[in-house]
Amino acid sequence: MDNEVLKAIRERRSIRRFKPEQITDEELTAVLEAGTWAATGHGTQAPFIVAVQNPAQRDLLASLNAEIFGIDSDPYYGAPTLVLVFAPKDNDNNYRDGSLVLGNMMLAAHSIGLASCWINRVDRMSEREQCQQLMREWGLPEGLIGIGSLALGYASSHPRTVKPRKDGYYRVIK
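Residues numbered from 1 in each chain as written. Predicted model: local features only at pLDDT ≥ 70, side-chain atom pairs only at ≥ 80, totals over all residues. Heavy atoms only, no water.

Student: What is the right way to read the packing of aromatic side chains from this model?
Tutor: Applying the stated criterion across every chain yields a total of one aromatic pair. Consider the rings of Phe 86 and Trp 138, whose centres lie 6.4 Å apart with planes at 50°: the pair is tilted. Of this pair, Phe 86 sits in strand β2 (residues 81–88) while Trp 138 sits in the loop between α6 (129–137) and β4 (144–153), and the two are 52 residues apart along the sequence. The exposure class assigned to Phe 86 is buried, which follows from its relative accessible area of 0%. In this structure Trp 138 comes out as partly exposed when scored by relative accessible area, which is 21%. Of note, Arg 121 hangs over the ring of Phe 69, and the distance from its end group to the ring centre comes to 3.8 Å. (Phe/Tyr/Trp six-rings, centres within 6.5 Å; stacked < 30°, edge-to-face > 60°. Helix = DSSP H or I, 4+ residues; strand = E, 2+ residues; numbered from the N terminus. Buried < 20%, exposed > 50% of the residue type's maximum accessible area, 1.4 Å probe, protein only. Lys NZ or Arg CZ within 6 Å of the ring centre and 35° of its normal.)

Student: It is not clear to me how a nonpolar patch on the surface should be interpreted in this structure. Could you clarify?
Tutor: Together, Tyr 169, Tyr 170 and Val 172 give the surface a local cluster of nonpolar side chains, amounting to about 430 Å² of exposed area. Here Tyr 170 lies in the segment after β4. Classification of Tyr 170 by relative accessible area gives exposed; the value is 69%. (Patch = residues over 30% accessible without salt bridge, like charges linked within 9 Å, V, L, I, M, F, W, Y side chains within 5 Å. Areas by Shrake-Rupley, 256 points an atom, 1.4 Å probe, with all protein chains shown as cover. Salt bridge = Lys/Arg side-chain N within 4 Å of Asp/Glu carboxyl O.)

Student: Sorry if this is basic, but what is going on with the packing of helix α3 (residues 55–69) against α6 here?
Tutor: When two helices pack together, their arrangement is captured by the angle between the axes and the distance separating the axes. In the contact formed by α3 and α6, the axes pass within 10 Å of each other and the chain directions differ by 145°. Every pair of crossing elements has a handedness; the one defined by α3 and α6 is left-handed. The residues of α6 that touch α3, namely those facing Gln 57, Leu 60, Leu 61 and Leu 64, are Gln 130, Cys 131, Leu 134 and Glu 137. The residue inventory of the contact of α3 with α6, partitioned by class, reads five nonpolar, two polar and one charged. (Axes fitted to C-alpha atoms, helices over the stretch in contact; angles between N-to-C directions. Left-handed = near helix turned anticlockwise from the far one by under 90°. Contact = heavy atoms within 4.5 Å. Nonpolar A, V, L, I, M, F, W, Y, C, P; charged D, E, K, R; others polar.)

So, in structure tokens, the structure goes:
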């Protein structure tokens, strides 16, 4: 069985090399809207999505993430757009819901010719005062935790190989 969605799922890859040029507003909107269609527990739509294209804020976020990761390089691989997902700390489905939002956005990005890579450590970033200050500037409510983020842009290279799926990955019980 094959269709466009299944094909996109098989073909999407994490990209770690980005061109410096910014994506279009139309492309960004398409990716962000795809995130809003992710399933959420009880239909709460509790996550918040923030796209950062402001160079100073982008660099600050990359610096915070790199510090937490213990590296000197850009953990967002030079992507011109960062997309962060937050959810209420007290929501039992915060990580589940936010992860589905991020997954939808990665598939949407791939489907329109954009590259993405999931970047971790946003949970720890959101605990830092610099990030909390940005969250206030962005008009986010108090009590949120970072779930994850995406490096988003145009790929400057693509992976040459794809790992085969492991044997026994799934089971069918009838």
